[in-house]
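# Report on the structure
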Amino acid sequence: MDDRSRKGRLDTTTLLLLSRIEEPELRPDEPMISTVTLAELTVGPLVAETERERVARQSHLQQAEADFDPLPSDAAAAQSATSAGSSRTAVPHGSRSSTSPSMPSTS
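Keep in mind it's a predicted model, so treat the numbers as computed, not measured. (Residues numbered from 1 in each chain as written. Predicted model: local features only at pLDDT ≥ 70, side-chain atom pairs only at ≥ 80, totals over all residues. Heavy atoms only, no water.)

## A few points about the overall build of the chain
Worth spelling out the cut-off: Secondary structure elements follow DSSP: runs of H or I no shorter than four residues count as helices, runs of E no shorter than two count as strands, and numbering proceeds from the N terminus. Only protein chains enter the accessibility calculation, which uses a 1.4 Å probe; a residue is then buried when its area is under 20% of its type maximum, exposed when over 50%, and partly exposed in between. Contact between two residues is taken to exist if any of their heavy atoms lie within 4.5 Å; hydrogens are not considered. All accessible-area figures derive from a Shrake-Rupley calculation using a 1.4 Å probe, and residue coverage is judged against the displayed protein chains alone.
The helix and strand inventory of the chain stands at 4 helices and 2 strands. Mapped in sequence order, the helices and strands of the chain form the string β-α-β-α-α-α. Sorting the 107 residues of the chain into buried and exposed places 28% on the buried side. Sequence separation of 24 or more characterises 66% of the internal contacts of the chain that already satisfy a separation of 6 or more. Per element, the accessible surface of the chain, about 7,000 Å² overall, is 51% carbon and sulfur.

## Looking at the environment of Ser-59
The topology assignment puts Ser-59 in helix H3 (residues 51–67). Between the C-alpha atoms of Ser-59 and Pro-45, which are 14 residues apart in sequence, the distance is 9.1 Å.

## As for the confidence of the model for the chain
Rule in force here: Think of pLDDT as the predictor's per-residue confidence, scored from 0 to 100.
Per-residue confidence for the chain gives a mean pLDDT of 80, with 67% of residues at or over 70. Per-element mean pLDDT across the chain ranges from 61 in helix H4 (residues 75–89) up to 97 in H3. Segment residues 90–103: pLDDT under 50, and 29 contacts once partners within four positions in sequence are set aside and those in other chains are kept.

## Section: H3
The condition that has to hold: Any helix carries an expected span of 1.5 Å times its number of residues minus one. By construction, the arc corresponds to the directions joining the helix axis to the C-beta atoms.
Over its 17 residues, H3 runs 24 Å from end to end, which matches the ideal 24 Å to within 8%, given 1.5 Å per residue. Looking only at H3, the buried set comprises Glu-53, Ala-56, Arg-57, Leu-61 and Ala-64. Buried residues along H3 cover an arc of 140° about the axis, so they all sit on one side. Seen from the buried face of H3, the exposed residues on the opposite side, beyond 90 degrees, are Glu-51, Arg-52 and Ala-66. Summarising the contacts, the buried residues of H3 are in contact with helix H1 (12–17) and helix H2 (35–47).

## Some details on the pattern of salt bridges
Filter applied, for reference: Just to be clear on terms, a salt bridge is a Lys or Arg side-chain nitrogen sitting within 4 Å of an Asp or Glu carboxyl oxygen.
Under the criterion given, the structure shown has 3 salt bridges. Between Arg-54 and Glu-51 there is a salt bridge; the shortest N-O distance is 2.6 Å. Residue Arg-54 and its partner Glu-51 are both found in helix H3; the two are separated by 3 residues, about one turn of the helix. According to the relative accessible area criterion, Arg-54 is partly exposed, its value standing at 31%. In this structure, Arg-57 and Glu-53 form a salt bridge, with 2.7 Å as the shortest nitrogen-oxygen distance. Residue Arg-57 and its partner Glu-53 are both found in helix H3; the two are separated by 4 residues, about one turn of the helix. Under the relative-accessibility criterion, Glu-53 is labelled buried at 11%.

Here it is in structure tokens:
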């Protein structure tokens, strides 16, 4: 491997599971997130079904806000992330899974 650092943009799921990746060669030297990932993390506490889940998701959001300066995204990407969050909040309580593809279970 050369001396250049490996940058990697993480999607929401990868960011949340990054600590579980044990092989250092699979982790980017310089992880980055986009504003879409930050938007998805922001929706997480709003759609949590339990207080424990809400607190865990809020913690993920606050950690990401502290650790990253998000890369900008275009309007279409941001709108797509917002629409996904809106559609989840429209589902009657109890009829959806406690996790979504963008928010793995923290238990």
